[in-house]
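# Fold and geometry: a report
Listed here are the chains, written in short residue letters.
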Amino acid sequence: MITGKTRLLGVIGSPIGHSLSPMIQNAALRAAGLDYVYVALPASPYALDSVVYGLRDAGVVGFNVTIPFKTEMIHLMNDLSEDARHVQAVNTVVIQRDSRLVGHNTDVMGFLAGFAERDVVLAGKSAVMIGAGGAARAALWGLLQSHVSSVVIGVRNPAKGAALCKDFAANGDVRALSFDDPAFISAMGAADIVVQTTPLGMMPHVEEMPPVDITALKPSAVVYDLIYTPAETRFLREAAARGHVTINGETMLVAQGAEAFFLWTGVRPDTALMKRVLREELARRT
C-alpha cells in the first residue's frame, strides 16, 4: 500500500511508456519488504533541468535515466562515479540527504554480469565490438576494465569510431575499422570475444543483423548481443547454430537494475525474481 511515508523512485526518458523497469523494480521492492514505489516519468527533452531539479526538490530518493538523456545528465550532477565519468553517461541518479545529485553508470556492471553468469574470463582475451553508439561506451569501458588484450571496433562511420577510440585511448589497445576493412575481417577471425552493441535485430526487425561473417569466427569465440527483445536475435541464433557460447542482454538489464536498487536502498534485491518478472513480461508482450 502506498502511504504518505512511501519513498519514491523512478525512471525518466522520452518516450518512457515501453519501460520494463517499473515492473521489475516494484516486484523486487515488494519482495524485499521495502516501502518504496518505482514509477515511469515522462520528461520533456526541452525541460530536463527542471525535471531533474524538481525530482530532487520533491524528495525523490533516486531515479534511472534512459534514452535520450544519459549523456545530457552529466552536466546536472554534483558528483560522478568512476564508471559514469569514464563512459560519460549516467543511467542511475542517487539523491543524497544533502540534495547532492550523484550520477552512476550501472550499465558497465550489468554488461560484465553477462560474462560472469557464463563463467567467461576476459583478462588477456582479444575482443571485437560491433558498433560505436551509446551502448558501445559502457561495453568498451567494461572490456578495458577487465583487462582484455585489445578491442577492435567494427563501424560503418569511421569518424564516429575514431572519436570513440580517442576517448578510451589511454585505457587500452583500441582501434576502429570499417566492416569491410581486411584488418577488421582478420580481427573477427581471431577474436575470443565478440560483442554486438547496435539495435540491429531488435524487435520488430528480427531478421536484421550486423554486416559481419559469423562463419569466420573461431569455434571458441563467445558471442554477446546486448539486445534482449527477442531473447535470441538472428545474430545469436546463427552463432549458437555453429556451437558458440552466446549471451543476450537479459542479464545485463537485470543486473544494472539490481545495482541501481542497491545504490538507492542499501539492500541487494532478488535478481532471480527480477529476471523471472522480466521474462514473463516479455513473453506477455510477444
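Check the entry above for the structure.
In every chain, residue numbers begin from 1 and rise along the written sequence. With the structure being a predicted model, the display of local features is reserved for residues of pLDDT at least 70 and the display and counting of side-chain atom pairs for 80 or more, all residues being used for whole-chain, interface and lining totals. By convention in this description, side-chain values take in all heavy atoms of the structure and omit both hydrogens and water.

With that settled, the discussion passes to the sheet that holds strand 10 (residues 193–196). Spatially, 9-8-7-10-11-12 is the arrangement adopted by the 6 strands of the open sheet, whose pairing is parallel. Both edges of this open sheet fall to strand 9 (174–178) and strand 12 (245–247), since each of them pairs with a single strand only. Going across the sheet, the axis of each strand differs from the next one's by a mean of 20°, ignoring polarity. In this analysis, strands are considered paired if DSSP registers two or more bridges between them. We count a stretch as a helix when DSSP gives it H or I for four or more residues in a row; a strand needs E for two or more, and each element gets its number in order from the N terminus. One ladder, built from 4 bridges, connects strand 7 (residues 126–130) with strand 10; its direction is parallel. Looking at strand 10, one finds that Ile 130 is bridged to Gln 196. Sitting on the sheet, helix 4 (residues 107–117) is in contact with strand 10, strand 11 (222–225) and strand 12, with an inclination near 145° to strand 11. Here helix 6 (residues 158–168) sits on the sheet and contacts strand 7, strand 8 (150–155) and strand 9; the angle it forms with strand 9, its principal contact strand, is near 175°. To obtain each axis, a line is fitted to C-alpha atoms, and for helices this fit is confined to the stretch in contact; angles are then taken between N-to-C directions over 0 to 180 degrees. Whether two residues are in contact is decided by their heavy atoms: any pair within 4.5 Å suffices.

Attention shifts here to helix 10 (residues 271–285). With 15 residues, helix 10 ought to run about 21 Å at 1.5 Å a step, and its terminal C-alpha atoms sit 21 Å apart, in line with that. Three labels apply to residues, based on accessible area from a 1.4 Å probe with only protein chains included: buried if under 20% of the type maximum, exposed if over 50%, partly exposed otherwise in between. Within helix 10, the full set of buried residues consists of Leu 273, Met 274, Lys 275, Val 277, Leu 278, Glu 281 and Leu 282. As for helix 10, its buried residues are in contact with helix 1 (21–32), helix 4 and helix 9 (250–265). Two or three places before Ala 272, at the opening of helix 10, Asp 270 has a side-chain oxygen 3.1 Å from that residue's backbone nitrogen. For a helix, the expected span equals 1.5 Å multiplied by the residue count minus one. Polar contact criterion, stated in full: a pair of N or O atoms within 3.5 Å, where within protein one must be able to donate a hydrogen and the other to accept it, and residues adjacent in sequence count only if both atoms are side-chain atoms.

Another point: the side chain of Thr 106. Take Thr 106: it is sitting in the loop between strand 6 (101–104) and helix 4. In this view, Thr 106 contacts Asn 91, Thr 92, Gln 256, Glu 259, Ala 260 and Leu 263; residues no more than four positions away in its chain are not counted.

Take helix 8 (residues 234–241) next. Along helix 8, the residues that are buried comprise Phe 235, Leu 236 and Ala 239. Take helix 8 and look down its axis: the buried residues cluster within an arc of 90°, on one side only. Turning to helix 8, the residues buried within the fold contact strand 7, strand 10, strand 11 and strand 12. The first or second residue beyond helix 8 is Gly 243, which carries a positive phi of 90°. Taken from the helix axis, the directions to the C-beta atoms give the arc we talk about.

A few words on the pairing of strand 10. Neither face of strand 10 is open: one carries Ile 193 and Val 195, the other Val 194 and Gln 196, and all of them are buried. With 4 bridges joining them, strand 10 and strand 11 adopt parallel strand pairing. Within the sheet, the bridge partner assigned to Val 195 lies in strand 11 and is Tyr 224.

The subject of this paragraph is the sheet that holds strand 3 (residues 62–65). In space, the 6 strands of this open sheet follow the order 2-1-3-5-6-4, with mixed pairing throughout. Two strands close off the open sheet at either side, each with one partner strand: strand 2 (36–42) and strand 4 (79–80). Sitting on the sheet, helix 1 is in contact with strand 1 (7–13), strand 2 and strand 3, with an inclination near 170° to strand 2. Sheet contacts for helix 2 (residues 48–57): strand 1, strand 2, strand 3, strand 5 (92–95) and strand 6; angle to strand 1, the most-contacted strand, approximately 170°.

Right, let's talk about the pattern of salt bridges for a bit. The rule for a salt bridge is simple: a side-chain nitrogen of Lys or Arg has to be within 4 Å of a carboxyl oxygen of Asp or Glu. Scanning the entire structure with this criterion turns up 12 salt bridges. One salt bridge in this structure joins Asp 57 and Arg 56, with 2.9 Å as the shortest N-O distance. The exposure class assigned to Asp 57 is exposed, which follows from its relative accessible area of 58%. One salt bridge in this structure joins Arg 284 and Glu 281, with 2.6 Å as the shortest N-O distance. With Arg 284 and Glu 281 both in helix 10, this residue pair falls 3 residues apart, about one helical turn. One salt-bridge network, in which partners are shared between bridges, spans Glu 281, Arg 284 and Arg 285.

Stacked, tilted and edge-to-face pairs are distinguished by plane angle, under 30 degrees for stacked and over 60 for edge-to-face with tilted covering the rest, among Phe, Tyr and Trp rings (Trp via its six-membered ring) whose centres lie within 6.5 Å. Taken as a whole and judged by the stated rule, the model has 6 aromatic pairs. For the pair Tyr 38 and Trp 264, a centre-to-centre distance of 6.0 Å together with 50° between the ring planes defines the contact as tilted. Separated by 226 residues along the polypeptide, Tyr 38 in strand 2 and Trp 264 in helix 9 bring together distant segments of the chain. Note on accessibility: Tyr 38 and Trp 264 belong to one class, buried. Centre to centre, the rings of Phe 179 and Phe 184 are 5.6 Å apart; their planes meet at 80°, and the pair counts as edge-to-face. Exposure class is identical for Phe 179 and Phe 184. Each is buried.

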